[in-house]
Amino acid sequence: MDGMLALYIFMLAAFTGYEVISRVPVILHTPLMSGSNFVHGVVLVGGMIALGQAETPLEQAIGFVAVLLGAANAAGGYVVTERMLAMFKSKEKN
Amino acid sequence: MAIKWLIDASYFVAAILFILGLKGMSSPVSARKGIVWAGVGMVLATVVTFLTPGMGNMLLMVIAIGLGGVLAWVSGKRVAMTDMPQMVAIYNGMGGGAAAAIAAVEFARGEMHGTVVTLLATLGALIGAVSFSGSVVAWAKLQGVMNKAFRLPAQNAVNVVLALVTVGFGAAIVIAPQVDPMLVGAFFVLALVLGAVITLPIGGADMPVVISLFNAFTGLAVGFEGFVMGIPALIIAGIVVGAAGTLLTQLMAKAMNRPISNILFVPMAAAGGGEAVEGEQKEVGAMDAAAMMRYASKVIIVPGYGMAVAGAQHKVWEMSELLEEAGVEVVFAIHPVAGRMPGHMNVLLAEAGVPYEKIFDLEEINADFAQADVALVIGANDVVNPSARTDKSSPIYGMPILNADMAQNVIVVKRGKGTGYSGIENALFYKDNTRLLYGSAQQAIGEVIQHVKAMSV
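Predicted model only: the values in this text are computed from it and were never measured. Here the residue index of a chain counts from 1 through its sequence in written order. Key to labels: chains lettered from A, ligands numbered from 1, both in the order written. Confidence filtering applies because this is a predicted model: local features only for residues at pLDDT of at least 70, side-chain atom pairs given and counted only at 80 or more, and all residues used for totals across whole chains, interfaces and linings. To get the side-chain values, take all heavy atoms of the structure and skip hydrogens and water.

Only DSSP runs of H or I with at least four residues qualify as helices, and only runs of E with at least two residues qualify as strands; both kinds are numbered from the N terminus onward. Summing up its helical and strand segments, chain A has four helices and zero strands in all. Tracing chain A from N to C terminus, the helices and strands come up as α-α-α-α. This radius of gyration counts C-alpha atoms alone. The globule rule is 2.2 Å times how many residues there are, raised to the power 0.38. For a compact globule of 94 residues, the expected C-alpha radius of gyration is about 12 Å, and chain A comes in at 18 Å, more than 25% above that figure. Over its C-alpha atoms, taken along the principal directions, chain A stretches across nearly 55 × 30 × 15 Å. Counting all 94 residues of chain A, 64% fall into the buried class. Only heavy atoms matter for contacts: two residues are in contact if any of them lie within 4.5 Å across the pair. Long-range contacts, defined as pairs at least 24 residues apart, comprise 68% of the intrachain contacts of chain A with a sequence gap of at least 6. When the accessible surface of chain A is split by element, carbon and sulfur atoms take 65% of a total near 3,500 Å². Asp and Glu are treated as the negative residues and Lys and Arg as the positive ones, with His and the ends of the chain left uncounted. Just so you know, the charge point we use is NZ for Lys, CZ for Arg, CG for Asp and CD for Glu. For chain A, the centre of its 5 positive side-chain charges and the centre of its 6 negative side-chain charges are spaced 25 Å apart. Here's how the labels work: a residue is buried when its accessible area is under 20% of the maximum for its type, exposed when over 50%, partly exposed in between, all with a 1.4 Å probe on protein chains only. Exposure was quantified through the Shrake-Rupley algorithm and a 1.4 Å probe, taking into account, for residues, occlusion by the shown protein chains and nothing else.

In structure tokens form, the structure reads like this:
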């Protein structure tokens with residue numbers, strides 16, 4: 001990838017992250033931390049591509065670990081965040 | 001080419017969904033929709049990745065996803081609400097580990113194109129590995145697997161030297177014309193040790209900040225590896241989380257009035273100092289505590305980690321409802337860093353069914369303590385320590401606290417006479433208007449409920 005282009009993506013993404021969070025009530029800090037934890041679970045995709053290109057047993061083993069950990073990050077992050085936020089929903093009904 | 005286009009378009013949509021999802025999660029009304037959107041983005045990105053041309057090891061891949069996904073899903077479903085902080089820590093660590101492993105695969109393949117790619121791969125590997133081992137240590141501490149504070153002699157010097165040596169090895173990898181397996185291996189070991197060593201001495205109220213910091217770290221690592229792999233969706237998701245996580249970390253550190261550098265290098269317990277506290281702790285029985293609250297007109301409850309550990313939030317709310325039936329005004333005061341994550345207490349009280357309107361932040365409620373008949377402190381310690389206001393030599397001097405000591409009477413529910421997680425003496429416990437109700441929050445509040453019921457008949 002073009003280095004300069006990537007730099008622009010870095011910069012814009014950083015501002016986006018900052019803006020998205022800047023006005024969040026304290027009550028949502030924990031779910032938001034958990035939610036952002038889920039979002040970086042997309043590392044799974046990188047792990048899959050790394051494993052997909054792996055050839056030697058060593059590469060395959062490390063790639064397997066990458067996919068395993070990435071999948072756990074994504075799945076665990078989703079479940080935990082969903083459970084926290086579910087409690088906010090039940091209260092709206094009352 | 002059509003497939004390539006489909007994949008790129010799907011990654012693009014996934015990146016949008018992640019940002020919208022995070023945006024949604026920053027407001028209580030749309031929070032649930034937010035996580036679902038982000039979830040759809042994740043499934044989309046994962047499924048189309050299988051279509052990538054020339055992918056091998058498909059069986060291995062499916063096994064790894066199935067194994068990791070199912071284990072994490074089941075453990076996430078089964079864990080108690082009170083143990084959420086360490087679950088977030090461990091899942092975050094796994095993300096960091098995945099980023100580091102991706103870099104390791106690229107190093108093993110030996111196909112680094114250009115200095116910039118190698119530099120970012122190395123940076124991502126370093127940050128990811130530190131986040132991995134650091135998060136595992138954080139998990140072990142919160143889970144109680146590991147002793148709470150462990151300090152090496154000359155801890156800060158060890159940290160700095162270890163960090164410099166690790167960075168030195170990283171620089172050598174970037175400069176070297178060819179990938180040297182020994183060098184890379186040593187670098188990964190050093191980075192893992194560094195993460196663990198940095199985290200070991202950290203404890204107490206600093207823990208949530210560290211988990212948040214590692215969350216931001218993992219985001220950055222994922223962003224850097226996204227560049228190495230040439231996947232913009234990873235760059236965007238990673239850097240957005242890195243920036244958001246950094247801001248969140250700053251907000252938390254600010255709430256405690258402790259700069260991040262202090263959290264990493266001046267652990268609370270070790271900071272020592274603080275004037276000796278005069279006087280003694282005065283005990284109160286459950287019946288007297290019940291009477292004090294039953295015949296009060298206003299009670300402010302200050303929950304802390306002790307309530308979370310005991311899982312007492314349902315009992316606390318049951319007691320509050322009983323008191324309200326008896327005409328007592330009951331509200332909750334939450335310190336920004338009460339518990340082990342910011343908002344930890346909000347989540348637990350929400351689970352027990354406490355409505356929003358009864359829960360107040362530090363700024364909203366601090367003036368009200370003077371009008372309260374009883375401040376009931378349940379398993380909280382540093383966040384109500386008046387030394388933070390008065391004692392310049394105290395390690396927590398300057399941290400904004402809940403002014404529970406201003407209430408007419410203070411009841412503290414506490415397991416024993418010890419100084420608690422951070423190891424700092426709390427002047428509040430020795431004040432003339434403070435009474436201590438010893439026992440786990442679950443059992444102590446349970447007894448209070450019985451007595452309140454008896455008085456209401």
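Residue and element names in this part refer to chain B. Here, the residues flagged by UniProt with the feature "transmembrane region" (unreviewed entry) are residues 6–22, 34–52, 58–76, 88–108, 114–137, 157–176, 182–202 and 234–253. End-to-end, the C-alpha atoms of residues 6–22 are 24 Å apart, and along that stretch the chain is 100% helix and 0% strand. Strand forms 0% of residues 157–176 and helix 95%; the C-alpha atoms that close the span are 28 Å apart. UniProt positions are given in the numbering used here, feature names are shortened, and annotations may be inferred rather than shown by experiment.

Turning our attention to the interface of chain A and chain B. The interface is formed by 78 residues belonging to chain A together with 99 residues belonging to chain B. Once two parts are joined, some of their accessible surface, as seen by a 1.4 Å probe, is lost; buried area is that loss totalled over both. Across the interface of chain A and chain B, roughly 8,000 Å² is buried in total on both sides, 80% from carbon and sulfur atoms. Interface area lost by chain A to chain B is led by Phe-10, Met-33 and Arg-83 of chain A, which between them contribute 9%. We define a salt bridge as a side-chain nitrogen of Lys or Arg found within 4 Å of a carboxyl oxygen belonging to Asp or Glu. Joining chain A to chain B, the criterion identifies one salt bridge. Residues Arg-32 of chain B and Glu-82 of chain A are paired through a salt bridge, measuring 2.6 Å at the closest nitrogen-oxygen approach. Definition of a polar contact: a pair of N or O atoms within 3.5 Å, with one able to donate and the other able to accept a hydrogen when the atoms are protein atoms, and with sequence-neighbouring residues admitted only if both atoms are side-chain atoms. Linking chain A to chain B there are 15 residue pairs in polar contact (both at pLDDT 80 or more). Taken together, the elements giving at least two residues each to the side of chain A that touches chain B come down to helix H1 (3–21), helix H2 (29–39), helix H3 (43–53) and helix H4 (57–93) of chain A.

Before going further, it helps to spend a moment on the packing of aromatic side chains. Stacked, tilted and edge-to-face are the three classes assigned to paired rings of Phe, Tyr and Trp, where Trp is represented by its six-membered ring and a pair needs centres within 6.5 Å; plane angles under 30 degrees give stacked, over 60 edge-to-face, the rest tilted. Within this structure, the stated rule accounts for seven aromatic pairs over all chains. Relative to Tyr-78 of chain A, the ring of Phe-38 of chain A lies with its centre 5.4 Å away and its plane at 65°, an arrangement referred to as edge-to-face. With a gap of 40 residues between them, Phe-38 of chain A in helix H2 and Tyr-78 of chain A in helix H4 connect regions that are remote in the sequence. Residue classification places Phe-38 of chain A among the buried residues on the basis of a relative accessible area of 2%. Aromatic side chains Phe-187 of chain B and Phe-188 of chain B sit 5.7 Å apart centroid to centroid with 70° between the ring planes, which places their arrangement in the edge-to-face category. Exposure class is identical for Phe-187 of chain B and Phe-188 of chain B. Each is buried. These aromatic residues form a ring-pair network of at least three members: Phe-10 of chain A together with Phe-224 and Phe-227 of chain B.

Considered as a void within the structure, the second largest pocket measures approximately 650 Å³ in volume. Put plainly, a pocket is an open set of points on a 1 Å grid over the protein atoms alone with protein on both sides within 12 Å along at least five of seven lines, a cavity is a set where a 1.4 Å probe fits but cannot get out, and a lining residue has an atom within 4 Å of a point. Around the second largest pocket, the lining is made up of 26 residues, and of these Ile-49 of chain A together with Lys-4, Met-229, Gly-230 and Ile-231 of chain B lie nearest the centre. Mapped by element, the contributors of at least two residues to the lining of the second largest pocket are H3 of chain A together with helix H1 (2–24), helix H4 (84–109), helix H8 (207–229) and helix H9 (232–256) of chain B. The greatest single-element share of the lining of the second largest pocket, amounting to six residues, is contributed by H1 of chain B. Grid points are joined across faces, edges and corners, and a volume is the space filled by probe spheres set on the points.

Attention now moves to the sheet that holds strand E2 (residues 329–334) of chain B. Residue and element names in this part refer to chain B. Whether two strands pair depends on DSSP finding at least two bridges between them. On the basis of which strands lie adjacent, the open sheet formed by six strands has the order E3-E2-E1-E4-E5-E6 and parallel pairing. Across the chains shown, the open sheet's two edge strands, defined by having one partner strand only, are strand E3 (359–361) and strand E6 (434–438). When strand polarity is set aside, the average angle formed by the axes of neighbouring strands in this sheet is 25°. Pairing analysis gives four bridges linking strand E1 (residues 298–303) to E2, with the strands arranged parallel. Across the sheet, residue Val-299 finds its bridge partner in E2, namely Val-330. Strands E1, E2 and E3 of the sheet are contacted by helix H15 (residues 344–352), whose axis makes an angle of about 145° with E2. Here an angle of 0 to 180 degrees is reported between the N-to-C directions of two axes, which are lines fitted to C-alpha atoms, with helices fitted over the stretch in contact.

To continue, consider the UniProt feature "transmembrane region" (unreviewed entry) in chain A. Residues and elements named next belong to chain A. Residues given the UniProt feature "transmembrane region" (unreviewed entry) here are residues 6–26, 38–54 and 60–81. Taken end to end, residues 38–54 has its terminal C-alpha atoms 26 Å apart, with 76% of it in helix and 0% in strand. Along residues 60–81 one finds 100% helix and 0% strand; the C-alpha atoms at either end are 31 Å apart.

Here we take up the pairing of E1 of chain B. Residue and element names in this part refer to chain B. Summarising burial for E1: six of the six residues are buried, a large majority. Alternating residues of E1 divide into Lys-298, Ile-300 and Val-302 and Val-299, Ile-301 and Pro-303, and every residue in both groups is buried. Relative to strand E4 (residues 374–378), E1 is paired through five bridges, and the arrangement is parallel. Of the residues in E4, the one forming a bridge with Val-302 is Val-377.

Quick look at the pattern of salt bridges now. Residues and elements named next belong to chain B. In total, this model carries eight salt bridges over all chains according to the counting rule given. A salt bridge links Lys-298 to Glu-329; the shortest N-O distance between them is 3.9 Å. Residue Lys-298 is located in strand E1, and its partner Glu-329 is located in strand E2; the two are separated by 31 residues in the primary sequence. In this structure Lys-298 comes out as buried when scored by relative accessible area, which is 14%. Via salt bridges that share partners, Lys-298, Glu-329 and Asp-368 belong to a single interconnected network.

Moving on to the domain arrangement of chain B. Examined at the domain level, chain B breaks down into domain 1 (83–270) and domain 2 (286–456). All the domain ranges listed were derived from an automatic or database domain assignment. Here the C-alpha centre of domain 2 of chain B lies 36 Å away from the C-alpha centre of domain 1 of chain B.

For a helix, the expected span equals 1.5 Å multiplied by the residue count minus one. Across its 16 residues, helix H18 (residues 441–456) of chain B extends 22 Å between first and last C-alpha, which sits within 8% of the 22 Å expected from 1.5 Å per residue. Looking at the buried side of H18 of chain B, the elements it contacts are helix H12 (286–294), helix H13 (305–310), helix H14 (313–325), E4, strand E5 (409–414) and E6 of chain B.

A few words on H12 of chain B. Every α-helix carries 3.6 residues per turn, so stepping three or four residues along brings you back to the same face. Residues and elements named next belong to chain B. Every buried residue of H12 is listed here: Ala-286, Ala-289, Ala-290, Met-293 and Arg-294. Relative to the axis of H12, the buried residues are bounded by an arc of 130° and lie together on one face. In this structure, the buried residues of H12 make contact with E1, H14, E4, E5, E6 and H18. Taken from the helix axis, the directions to the C-beta atoms give the arc we talk about.

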